[in-house]
Amino acid sequence: MLHEPLFSSSKKMEDCLAKKMEITVSEAEKRTGRNAVNMQETYTAYLIETRAIESQSEGQCAPVDSLWRRYSEFELLRNYLSVTYPHIVVPPLPEKRADFVWHKLSADNMDPDFVERRRIGLENFLLRVASHPVLCQDKIFYSFLTQEGGWKEMVNETGFQLKADSRLKALNATFRVKNPDKRFTELKHYSDELQSVISHLLRVRARVADRLYGVYKVHGNYGRVFSEWSAIEKEMGDGLQSAGHHMDVYAASIDDILEEEEHYADQLKEYLFYAEALRAVCRKHELMQYDLEMAAQDLTSKKQQCEELATGTVRTFSLKGMTSKLFGQENPEQREAKIKVLEEQIQEGEEQLKSKNLEGRDFVKSAWADIERFKEQKNHDLKEALISYAVMQISMCKKGIQVWTNAKECFSKM
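Residues numbered from 1 in each chain as written. Predicted model: local features only at pLDDT ≥ 70, side-chain atom pairs only at ≥ 80, totals over all residues. Heavy atoms only, no water.

**Things to note about the overall build of the chain**
Spelled out, the test is: By the criteria applied, helices consist of DSSP H or I runs no shorter than four residues and strands consist of E runs no shorter than two, each listed in order from the N terminus. With a 1.4 Å probe rolled over the protein chains alone, any residue whose accessible area is under 20% of its type maximum counts as buried; one over 50% counts as exposed, and the rest are partly exposed. The contact criterion used throughout is that any non-hydrogen atoms of two residues lie within 4.5 Å. In this description, accessible areas are obtained by the Shrake-Rupley approach with a 1.4 Å probe, and a residue is regarded as covered only by the protein chains that are shown.
Looking only at helices and strands, one finds 13 helices and 3 strands in the chain. Every one of the 414 residues in the chain was classed for burial, and the buried ones make up 40%. Considering only residue pairs separated by 6 or more positions, the chain has 76% of its internal contacts joining residues 24 or more positions apart. When the accessible surface of the chain is split by element, carbon and sulfur atoms take 53% of a total near 23700 Å².

**Remarks on the pattern of salt bridges**
Quick note on the threshold: A pairing counts as a salt bridge when a side-chain nitrogen of Lys or Arg comes within 4 Å of a carboxyl oxygen of Asp or Glu.
According to the stated counting rule, one finds 24 salt bridges in the structure shown. Measuring nitrogen to oxygen at the nearest pair gives 2.9 Å for the salt bridge that ties Glu116 to Arg119. Linking Glu116 with Arg119, this pair stays in helix H4 (residues 112-131), spanning 3 residues, or about one helical turn. Taking relative accessible area as the criterion, Arg119 reaches 13% and is therefore assigned buried. Close ionic contact of Arg128 with Glu270 constitutes a salt bridge, the shortest N to O distance being 2.9 Å. Within this pair, whereas Arg128 is found in helix H4, its partner Glu270 is found in helix H11 (residues 254-311), the two being separated by 142 residues in sequence. Like Glu270, Arg128 is buried. A cluster of three or more residues bridged by salt bridges with shared partners is formed by Asp192, Glu276, Arg279 and Arg283.

**Some words on the nonpolar core**
The test is simple: Joining through side-chain atoms within 4.5 Å is the link that ties buried Ala, Val, Leu, Ile, Met, Phe, Trp, Tyr and Cys residues into a set, and such a set is a nonpolar core.
Leu126 and Leu145 are the most contacted members of the largest nonpolar core, which has 34 residues in total. If you list the elements that add at least two residues to this core, you get strand S1 (21-34), strand S2 (40-52), helix H3 (71-84), H4, helix H5 (139-146) and helix H6 (151-157). With 7 residues, H4 is the single largest residue contributor to this core. Apart from residues lying up to four places away in sequence, Leu126 is in contact with Ile23, Val25, Ile48, Phe74, Phe141, Phe144 and Leu145.

**A short note on the confidence of the model for the chain**
The predicted coordinates of low-pLDDT regions are not to be read in fine detail. Which entries qualify depends on this criterion: A residue's pLDDT is the predictor's confidence in that residue, given on a scale from 0 to 100.
The share of residues in the chain with pLDDT of 70 or more is 86%, and the mean pLDDT across the chain is 85. Low pLDDT (under 50) marks residues 1-13, which in the prediction has 35 contacts with non-local residues, meaning those over four places away or in another chain.

**Some points on the sheet that holds strand S3 (residues 65-70)**
Spelled out, the test is: Being paired, for any two strands, means DSSP has found at least two bridges between them. Fitted lines through C-alpha atoms give the axes, limited to the stretch in contact for helices. The angle between two N-to-C directions lies from 0 to 180 degrees.
Across the sheet, which stays open at both edges, the 3 strands sit in the order S1-S2-S3 with antiparallel pairing between neighbours. The strands lining the two open edges of the sheet, one partner per strand, are S1 and S3. The sheet shows a mean angle of 25 degrees between the axes of neighbouring strands, direction not considered. Alignment of S2 against S3, held across 6 bridges, turns out to be antiparallel. Its bridge partner being in S3, Thr50 is matched across the sheet by Asp65. Sheet strands in contact with H4 are S1 and S2, and its direction is about 135 degrees off that of S1. Lying over the sheet, H5 contacts S1, S2 and S3, oriented at roughly 100 degrees with respect to S3.

**As for H4**
Going by this rule: A helix is expected to reach a length of 1.5 Å times the quantity of its residues less one.
Between its first and last C-alpha atoms H4 spans 29 Å; for 20 residues at 1.5 Å apiece the expected length is 28 Å, and the two agree. Counting buried residues in H4 gives 17 out of 20 residues, a clear majority hidden from the surface.

**A closer look at empty space enclosed by the protein**
The test is simple: Throughout, the protein atoms alone are placed on a 1 Å grid, and a set of points is a cavity if a 1.4 Å probe fits but cannot get out or a pocket if it is open with protein on both sides within 12 Å along at least five of seven lines; lining residues have an atom within 4 Å of a point. Grid points are joined across faces, edges and corners, and a volume is the space filled by probe spheres set on the points. The classification used treats Ala, Val, Leu, Ile, Met, Phe, Trp, Tyr, Cys and Pro as nonpolar, Asp, Glu, Lys and Arg as charged, and all other residues, Gly among them, as polar.
The tally for this structure, following the rule as stated, stands at 3 cavities of 30 Å³ or more. Of the volumes computed, that of the largest cavity is approximately 160 Å³. Broken down by element, the lining of the largest cavity gets its largest block of residues, 5 residues, from H4. Looking at the lining of the largest cavity residue by residue, the class counts come to 6 nonpolar, 2 polar and 6 charged. Here the second largest cavity defines a volume of roughly 50 Å³. Along its surface, the second largest cavity is lined by Arg205, Tyr264, Ala265, Leu268, Ala385, Leu386 and Tyr389. Counting only elements with at least two residues in the lining of the second largest cavity, the list comes to H11 and helix H13 (332-412). Its residues assigned to classes, the lining of the second largest cavity shows 6 nonpolar, no polar and 1 charged.

Pasting the structure below:
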């Protein structure tokens, strides 16, 4: 049996959507249809159900609204949120295909157990967004939950794709920023390390799960041997047969146990993907800082050109300065016209620089507030996940002790 949704935020806003609306992804359905290039494809659709909470508190039974969404639509929503709110650590989606699984578990994205875990992860994503103090107020998000048709058109009309920064531009900014913010540099480094640590943890967990699977299944051999032995014994037969039965039950229990354990792995995977969301905020800050530095550099260059034209002196070597020496200077009217154009550009550049500085300060303030909110959430969630995982391991060990205690009693009665 799988657990309820992973969501467990340590702090919720009173006016957030999650306080006003019940949101569930209640079921998944395998479907067949035509894709954009008219090729037949099989995909999974998820049923989103919403119900107003306010009418329930008044003793009324609120009607349930429902609609189906594909995973690709969840991806479109998240991409829109990431571009529209660059200062926010946008909650990640569950994985599209299973990774870090123990080898006996299917990695097929159509496998019923995997689809069920992804259903829970998609519900968790919606609850994360609905509980975020800023994201929950987004009209597109509300339309995603409540509007069956025309939703994609609404998203595309925002033009968010045009606002998306290219990876090449982001990479360029990373290497060319002269004065990076130390806090964001450290955060980027932390997100890399967090992703690395959780990846290693998930790999270890998968290896442990494989070994546990082997150990449990080998107990089935005890069951077979005890059963065969009981057939040739009179006084000892019943005891051996009973002990063999306990071993068989123990061996068969591991399949359900390890499938349930994937729930805890999914909680860790969420923060594996959150690490990329953190890096996205850092990249956006680098881009803003790079644009600011380029604007400042351009303004300085224009001021220098204006000064050189006004004084008639060239302070630095340039092809333009060399050309002027070889072919003569501009006449006074030409020089005055150029100075006037430069002065207008300088004024415009100063206003632009001031605007970029204000934008940068606002971004840092908003981003850092959201990062602090995220850290609090992360600490709470990972602590709970690790405790739950430890409790599960303890429970498994107790089952092993109980099996051998039962076997001991069977042997004692022979």
